[in-house]
Amino acid sequence: MAESVNGGSDAIQPLLMPNTRIDDVYEGIVDYRGEKVSIGSDIGGWRSALLIIGAEFAETIAFYGISSNLINYLTGPLGQSTVTAAANINAWCGVVWMLPLLGAFIADSYLGRFRTIFFSSLIYILGLGFLTLSVVLPSLMSSDESVSNEVHETSSAPFLVILFFFSLYLVAVGKAGFKPCAEAFGADQFDEQNPEECTSKSSFFNWWYFGLCVGSCISRFTLTYVQDNISWGLGFGIPCFSMLLGLFVFLLGWKTYRFPAEENKENPLSRIAKVFVASAMNWRSTAVSTSNQEEGIRMSDNHIRVGAHQFKFLDKALIDIPNSDRIGSRKGSTCCSIDQVEDAKTVLRLVPIWLSCLTYAVVVAQSMTFFTKQGSTMNRTIKQGIQIPPASLLSFIPLTVIFFIPIYDRLFVPLARLITKNQNGISTLQRIGCGIFISTMSMILAALIEKKRLQTAFDFGLIDKPNETVPISLWWLVPQYLLFGLAEVFTMVGLQEFFYDQVPDQLRSVGLSLYFSIFGIGDFLSGFIIYAIDKITTGGNQGSWFSNNLNRAHLDYFYWFLAALSTINLVAYLYVSKFYLYKRGSSV
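Residues numbered from 1 in each chain as written. Predicted model: local features only at pLDDT ≥ 70, side-chain atom pairs only at ≥ 80, totals over all residues. Heavy atoms only, no water.

Topic: the overall build of the chain
Piece 1. A count of helices and strands for the chain gives 18 helices and 7 strands.
Piece 2. With 588 residues in all, the chain has 54% of them scored as buried.
Piece 3. Taking the intrachain contacts of the chain between residues at least 6 apart in sequence as the baseline, contacts between residues at least 24 apart amount to 81%. (Helix = DSSP H or I, 4+ residues; strand = E, 2+ residues; numbered from the N terminus. Buried < 20%, exposed > 50% of the residue type's maximum accessible area, 1.4 Å probe, protein only. Contact = heavy atoms within 4.5 Å.)

Some words on the pattern of salt bridges
Piece 1. Enumeration according to the criterion identifies 5 salt bridges in this entry.
Piece 2. Taking the shortest distance from any N to any O, the salt bridge between K179 and E59 comes out at 4.0 Å. Of this pair, K179 sits in helix α6 (residues 158–187) while E59 is found in helix α1 (residues 46–67), placing the two residues 120 residues apart along the sequence.
Piece 3. On the accessibility criterion, K179 (8% relative accessible area) is buried.
Piece 4. D464 is the salt-bridge partner of R552, the closest N and O atoms lying 2.6 Å from each other. On the criterion of sequence distance, the pair formed by R552 in the loop between α17 (508–537) and α18 (555–578) and D464 in the loop between α15 (428–459) and β7 (470–473) is long-range, its members being 88 residues apart.
Piece 5. In the salt-bridge network here, residues are joined through shared partners; they are E56, E59, K175 and K179. (Salt bridge = Lys/Arg side-chain N within 4 Å of Asp/Glu carboxyl O.)

Here we look at the nonpolar core
Piece 1. Ranked by size, the top nonpolar core spans 101 residues in total, and within it W92, F164, I518 and F519 carry the most contacts.
Piece 2. Ranked by residues supplied to this core, first place goes to α6 with 10 residues.
Piece 3. Counting contributing residues, this core receives three or more from each of domain 1 (25–138 + 158–258) and domain 2 (268–283 + 312–319 + 334–587).
Piece 4. Those residues in contact with W92 that sit more than four places away from it in its chain are F63, I66, S67, L70, L168, Y169, V171 and A172.
Piece 5. Residues V83, V363, L474 and F546 belong to the second largest nonpolar core, which totals 39 residues. (Core = buried A, V, L, I, M, F, W, Y, C linked by side-chain atoms within 4.5 Å. Domains from an automatic or database assignment.)

Notes on the packing of α15 against α18
Piece 1. Here α15 crosses α18 at 165 degrees, and the two axes come no closer than 8 Å. The orientation of α15 relative to α18 falls into the category roughly antiparallel. Pair α15 / α18 crosses with left-handed handedness.
Piece 2. Of the residues contributing to the contact of α15 with α18, the split by class is 17 nonpolar, 7 polar and 3 charged. (Axes fitted to C-alpha atoms, helices over the stretch in contact; angles between N-to-C directions. Parallel < 35°, antiparallel > 145°, perpendicular 65-115°, else oblique. Left-handed = near helix turned anticlockwise from the far one by under 90°. Nonpolar A, V, L, I, M, F, W, Y, C, P; charged D, E, K, R; others polar.)

Comments concerning the pairing of β7
Piece 1. Side chains V470 and I472 project from β7 onto a buried face, and the interleaved P471 and S473 project onto a face without burial.
Piece 2. In the sheet, strand β4 (residues 378–379) pairs with β7 via 2 bridges, with the strands oriented parallel. Within the sheet, the bridge partner assigned to M378 lies in β7 and is V470. (Pairing = 2+ DSSP bridges.)

So, the packing of helix α3 (residues 82–98) against α17
Piece 1. Two elements in contact, α3 and α17, have axes separated by 7 Å at closest approach and are oriented at 160 degrees. Judged by the inter-axis angle, α3 sits roughly antiparallel to α17. In this structure, the crossing between α3 and α17 has a hand that is left-handed. Residues V83, A86, N90, A91, C93, G94, V95, W97 and M98 of α3 form the contact with α17, whose participating residues are S513, F516, S517, F519, G520, I521, D523, F524, S526, G527, I530 and D534.
Piece 2. Looking at the contact of α3 with α17 residue by residue, the classes come out as 12 nonpolar, 7 polar and 2 charged.

What about empty space enclosed by the protein?
Piece 1. Scanning the model with the defined rule gives 1 cavity of 30 Å³ or more in all.
Piece 2. If you add up the space inside the largest cavity, you get close to 620 Å³.
Piece 3. Looking at the largest cavity, it is lined by 36 residues, and the ones nearest its centre are Y64, W97, V364, E488 and M492.
Piece 4. Looking at the lining of the largest cavity, the elements with two or more residues in it are α1, α3, α6, α7 (195–229), α12 (358–365), α14 (396–420), α16 (478–501) and α17. (1 Å grid on protein atoms, 1.4 Å probe; cavity = no way out; pocket = protein on both sides within 12 Å on 5 of 7 lines; lining within 4 Å. Points joined across faces, edges and corners; volume = space filled by probe spheres on them.)

Comments concerning the side chain of R453
Piece 1. Tracing the chain through its elements places R453 in helix α15.
Piece 2. Side chain to side chain, R453 and T377 meet in a polar contact 3.0 Å long.
Piece 3. Polar side-chain contacts of R453 include one of 2.9 Å to the side chain of E450.
Piece 4. Those residues in contact with R453, other than ones at most four positions away along the chain, are Q374, T377, M378, V470, I472, L550 and N551. (Polar contact = N/O pair within 3.5 Å; in protein donor to acceptor, adjacent residues only side chain to side chain.)

Some details on the environment of W92
Piece 1. By secondary structure assignment, the location of W92 is in helix α3.
Piece 2. Residue W92 is classed as buried on the basis of its relative accessible area, which comes to 1%.
Piece 3. A C-alpha to C-alpha distance of 9.7 Å links W92 and S67, two positions 25 residues apart in sequence.

Details of the confidence of the model for the chain
Piece 1. Scored by pLDDT, the chain has a mean of 79; 79% of the residues are at 70 or more.
Piece 2. The secondary structure element of the chain with the lowest average pLDDT is helix α10 (residues 290–302), at 44, and the one with the highest is α18, at 94.
Piece 3. Counting interchain partners and residues more than four positions distant, the pLDDT-below-50 stretch residues 288–304 has 21 contacts.
Piece 4. A low-confidence stretch, residues 324–332 stays under pLDDT 50, and its non-local contacts, those more than four residues away or across chains, total 14 contacts. (pLDDT = per-residue confidence, 0-100.)

Some remarks on α14
Piece 1. Its 25 residues give α14 an end-to-end C-alpha distance of only 31 Å, which falls more than 12% under 36 Å, the value for a rise of 1.5 Å per residue.
Piece 2. Where α14 bends most, at Y408, the angle is about 45 degrees.
Piece 3. Along α14, the positions that sit buried rather than exposed are F396, I397, P398, T400, V401, Y408, V413 and A416.
Piece 4. Immediately downstream of α14, the backbone of K421 shows phi near 65 degrees, a positive value. (Expected span 1.5 Å × (residues − 1). Bend = angle between axes of the 7 residues up to and from the residue.)

What to know about a nonpolar patch on the surface
Piece 1. A contiguous nonpolar patch, built from Y225, I230, L234, I238, I382, I386 and W475 and spanning about 610 Å² of accessible area, is present on the exposed surface.
Piece 2. With respect to the secondary-structure elements, W475 resides in the loop between β7 and α16. (Patch = residues over 30% accessible without salt bridge, like charges linked within 9 Å, V, L, I, M, F, W, Y side chains within 5 Å. Areas by Shrake-Rupley, 256 points an atom, 1.4 Å probe, with all protein chains shown as cover.)

What about α12?
Piece 1. Taken across its 8 residues, α12 has 7 buried, putting it largely inside the fold.
Piece 2. On the buried face of α12, the contacting elements are α3, α11 (338–356), α15, α16, α17 and α18.

Details of the packing of aromatic side chains
Remark: the centre distance and the inter-plane angle together describe each pair of aromatic rings, the angle taken between the planes.
Piece 1. One pass over the structure, following the stated rule, counts 39 aromatic pairs.
Piece 2. Their ring planes at 90 degrees and their centres at 5.4 Å tell us that Y408 and F490 sit as a pair that is edge-to-face. With Y408 in helix α14 and F490 in helix α16, the pair connects residues that are 82 residues apart, well separated along the chain.
Piece 3. Judged by its relative accessible area of 8%, Y408 falls in the buried class.
Piece 4. Taking relative accessible area as the criterion, F490 reaches 11% and is therefore assigned buried.
Piece 5. In textbook terms, an aromatic cluster arises when at least three aromatic residues are bridged by ring pairs, as seen for F63, Y64, W92, W97, Y360, Y515, F516 and F519. (Phe/Tyr/Trp six-rings, centres within 6.5 Å; stacked < 30°, edge-to-face > 60°.)

Structure below.
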């Protein structure tokens, strides 16, 4: 498993000199020994990619096994209030989806994807192990054997709370390295210069997302039931075993994986950062170096520079000023290439789209907190003695994705293609916009259903009886979950494709991390909004919108607020997407 760390390459230093002719090998690809990979060999391809999909499948079970029902554990055994629990979950989820930026940077610049996946998996397993320990310790320390099978809504010992949250954030660190690298490493197993493998590479992303959805369904259906009805310790222990199994499956393919052969490559992030630094240092200058003028002419002869008229201040990075003329007289040239400047502009064009998708992420955050908490107050009995865990309804989101993706691909795209003449049916930005609209509708529906739940509680005199079951079926919540899933088919998949395709080629791992960071910031924003609204509404005539007694709370008001915010955001998104210029050679 030793890899070369020169330039962040995944390639391992060769032990033997390759003896294969150049035209018989894949360009820029080596095996685990650092030798060239012969065309037609059993290195890479579906054999390797399926093992990586298997590892992701196991990781998905592990992650959703602890996150789906987290709101009920925090408000139950840990004894936290609804507002505090929701804020803690949003903060943790924010870290989970922001840290992949760091994980991608480390992988691309230092360790390489294989090493990053391996070491982050070990951290992941360690975090899950500590998490399980923090859950089972109270029962081990108690002399009352029945404690392990009951849920006590009392505060746990401070040490156990600290251990629990330390473990959660250790899991976040492990996921930060695993998530952005595993998908990209799986795609590395196919050569996009080979037409047949290029088709397989496209199919790989479909099966990747399919495996993710199936894994989350299994986790939400089974593990939430185990946690609510059998044991929290077992419910958190199974994810630890799942992740351990995922690492084992991943290592099975060690000798079959393909690794990039590049060495001593420049840090892609610093390459872009140099443009902004050079632009700032040269902001007073106007003269452009002769070499860059000639390069610009050659570029304009070969192809049109996309968005050359945008962000002209970055063109200052093309200026090469002698040290004696430069402010501060720093040594070394600040001049950047045309390609560097164009890449910097490409990244900068993503910012408005990124910002306009944050509200969608705030809306998505509610499914794992308040939706689940609502369900815990409703009638969940399907047969005598059998109750549905409220968190299991989250399974309807990936189930909807699994059901609608084939419809989207085989029915919607061909029909849309006849109208738009776009090979993809609709553009990626149009696809994202459709999902934002659907998510807005889901918030309106959620507000209406919550209003009905509150009215039912009032009609049956349960306003001040929070521990009594409100006689309204849990299935009333299903439509809002279905709309969330349909929105995911459009927006989540669209965002993943958009940020993978629209970043410079050498930054695609970071591009996927930018996609994840939308939901990280969205979770932070959700926590801040909840905190602010709770402070504003606490002490009012009607009480806090997020009262621990949900029958006196007003989640319906909160959902209407998010629906209005999402509507405003949709208008802003349509405006910024109208002026977006796709990257040269883009397929979306």
